[in-house]
Amino acid sequence: MPPTAEPTQVNHRATYREVLAEPRFRLLFSTRAVAITADALRITTFSVLVFSSTGSALLSAVAFGIGFVPQLFGSLLLGSLADRLPPRALITGGYALTCATALLLAVVRMPVAASLGVVALVSLATPVFHGASSRLVAQSLKGDAYVLGRSLSNIASAGAQLFGLALGGAAVAALGPRRALAVSAVLYFGCALAIRIRLPRLQPAAFGGTPGSTGGNSGADGGAVRASLQGAGLLLRDRTVRRLMLAQWLPVALVAGAEGLIVAYAGERRFAPGWYAVLMGCLPVGMLVGDLLVGRFLRPPARERLVVPLVALAGLPLIGFAAEPGVGVSSCLLLLSGLGYAYGLGLQRPFLDALPQDGRGQAFGLLGSGSMTLQGVGPVCLGAVAAVIGTGGAIALAGGAAVLTAGWILTWHPPASPALAPNQVVSSD
């Protein structure tokens, strides 16, 4: 599968003002930030609703994560639709569907199993909507502007999640869980309306195409599911694409797994009530600062050279938890680990350049759904480890695994590798 390379100026550093000047990106960026706020509000409120109905901590945890794992299956089975259908209809439909889901949970008193099933079913389609949106961003922003656009999206995502969590707590306290779910439905509806009114009616660049195809109707006779499976297979069999996906998945999943143990770690160390929230806030703060510094002040080649050191930075501080430090040191370690998340900016251009034009929507959907799935699985796996060696040891183990991942990336993605140049076409092997 030969990727399509787009000529860019290697040393040109875009600015946030330049990125936000693009109307299409500005619309997608703003609606996505609002939608992430609504996601955080809906997920936490739904978890509270299930717990208040059942009194089960297990079911509450399942409600919190029920929308993560199905996304991978949705990407594998439906991902090709992100490249085959008009993006405005897809993105508007996605926000409208999540709006209807939140409203249904708020209004209809369903059995817990039924409500969990509804959320899981709707999440199957999430990668299609997100893939179409990411493809439009890639078409709207070129060269370093695309990377900086991803940086802005990361910053907004972290901020919106924090705001959504805070809004969820306030809304549940003031309105109750069902009315709080209705608030999230209103936010989703606003996003759907904005996309429907302000996004031009566009057709996919290769309507009906699949990754690696040369004809616009490839896979159409086999249906969306067959085309999606074939497209995902082509993407994952390409060594360059597969490596770049794993490089973006693994460190984030390992750090997310460690993050999932912070509450238990604070409890074991008998920190004062409320300190666990401070510790959990350190990672996203580090992410915000890291993305801002790396995205704003470094030129593209420098970002790409720093991929391995930044992955190592995400893992190394976590190893310090083996010594079971106190609140102050733990906060600093988590803040430093969050800075390492900026490594992803150095992989954005190589990943985009490795993708075929007619399969980008599916590739972005697969990238996002794989990341969400592993972030859901990571805490479960590390929780099992923590039961044996303690939470501090499990967090340290996650950090060590992230450092090993940095070493693995170095074996195929060294700092001086010509594969980092955005004009370089790397053939799969």
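None of these values were measured; they are calculated from a predicted model.

### As for the overall build of the protein chain
Here is step 1: Assigned secondary structure in the protein chain consists of 20 helices and zero strands.
Here is step 2: Residues classed as buried in the protein chain amount to 51% of the 429 residues present.
Here is step 3: Look at the contacts in the protein chain between residues 6 or more apart in sequence, and 86% of them connect residues 24 or more apart.
Here is step 4: Total accessible area computed for the protein chain in this model is approximately 17,700 Å², and 68% of it derives from carbon and sulfur atoms.

### Quick notes on the nonpolar core
Here is step 1: Ile91, Tyr146, Leu334 and Phe351 are the most contacted members of the largest nonpolar core, which has 81 residues in total.
Here is step 2: Broken down by element, this core gets its largest block of residues, eight residues, from helix H12 (residues 239-259).
Here is step 3: Every residue in contact with phenylalanine 351, bar those within four places of it in the chain, is listed here: Val241, Leu244, Met245, Gln248, Ala363, Phe364 and Leu367.
Here is step 4: Leu49, Val50, Ala63 and Leu116 belong to the second-largest nonpolar core, a separate cluster that totals nine residues.

### Some thoughts on helix H18 (residues 345-353)
Here is step 1: In terms of burial, H18 is a largely internal element, nine of the nine residues being buried.
Here is step 2: Those residues of H18 lying buried are Leu345, Gly346, Leu347, Gln348, Arg349, Pro350, Phe351, Leu352 and Asp353.

### Brief notes about the packing of aromatic side chains
Here is step 1: Scanning the entire structure with this criterion turns up five aromatic pairs.
Here is step 2: Measuring from ring centre to ring centre gives 6.0 Å for tyrosine 265 and phenylalanine 271, while their planes differ by 75°; the resulting arrangement is edge-to-face. Take tyrosine 265 and phenylalanine 271: they sit in the same class, and that class is buried.
Here is step 3: Taken together, a centroid distance of 5.2 Å and an interplanar angle of 75° make the contact between tyrosine 265 and phenylalanine 321 edge-to-face. Of this pair, tyrosine 265 sits in helix H13 (residues 262-268) while phenylalanine 321 sits in the loop between helix H16 (307-319) and helix H17 (327-339); the two residues are 56 residues apart in sequence, bridging distant segments of the chain.
Here is step 4: Chaining the aromatic ring pairs together yields one cluster made of Tyr265, Phe271 and Phe321.
Here is step 5: When the ring centre of phenylalanine 297 is taken as origin, the NZ or CZ atom of arginine 296, which lies over that ring, is 5.6 Å away.

### As for a nonpolar patch on the surface
Here is step 1: The grouping of Val69, Phe73, Leu77, Val225, Leu229 and Val377 at the surface amounts to a nonpolar patch, some 460 Å² of accessible area in total.
Here is step 2: Put simply, the parts of the chain that give the nonpolar patch at least two residues each are helix H4 (70-78) and helix H11 (223-237).
Here is step 3: Along the polypeptide, leucine 77 turns up in helix H4.
Here is step 4: Taking relative accessible area as the criterion, leucine 77 reaches 37% and is therefore assigned partly exposed.

### Remarks on the confidence of the model for the protein chain
Keep in mind that low pLDDT regions are not for reading the predicted coordinates in detail.
Here is step 1: When pLDDT is averaged along the protein chain, the result is 82, and 87% of the positions lie at 70 or above.
Here is step 2: The least confident element of the protein chain is helix H3 (residues 57-65), whose mean pLDDT is 68; the most confident is H16, at 96.
Here is step 3: With pLDDT under 50 throughout, residues 416-429 is counted as low confidence; its partners more than four residues away or in other chains account for 28 contacts.

About the cut-offs
The residue count restarts for each chain, going from 1 along the sequence in the order it is written. Only residues with pLDDT of 70 or above have their local features reported here, since the model is predicted, and side-chain atom pairs are shown and tallied only from 80 upward, although totals for entire chains, interfaces and linings are computed over all residues. To obtain the side-chain values, all non-hydrogen atoms of the structure were included, while hydrogens and water were left out. Comment: elements are numbered from the N terminus, with helices defined as DSSP H or I runs of at least four residues and strands as E runs of at least two. Type-normalised accessible area, obtained with a 1.4 Å probe on protein chains alone, sets the label of each residue: buried when under 20%, exposed when over 50%, and partly exposed for intermediate values. Contacts between residues were defined by any pair of non-hydrogen atoms, one from each residue, lying within 4.5 Å. Here the accessible surface of atoms and residues is derived via Shrake-Rupley with a 1.4 Å probe, and residues count as covered only by protein chains that are part of the display. We call a set of buried Ala, Val, Leu, Ile, Met, Phe, Trp, Tyr and Cys residues a nonpolar core when their side-chain atoms join them within 4.5 Å. Any two of the Phe, Tyr and Trp rings considered here, Trp counted by its six-membered ring, make a pair once their centres fall within 6.5 Å; the pair's planes then place it as stacked at under 30 degrees, edge-to-face at over 60, or tilted in between. Each ring is checked for a lysine NZ or an arginine CZ that lies within 6 Å of its centre and within 35 degrees of its normal; such an atom marks a charge sitting over the ring. Each patch is built from residues that are more than 30% exposed by relative accessible area and take part in no salt bridge. Like charges join if they lie within 9 Å; nonpolar side chains (Val, Leu, Ile, Met, Phe, Trp, Tyr) join within 5 Å. Should a side-chain nitrogen of Lys or Arg be within 4 Å of a carboxyl oxygen of Asp or Glu, the pair is scored as a salt bridge. For every residue, the pLDDT score states the predictor's confidence, bounded by 0 at the bottom and 100 at the top.

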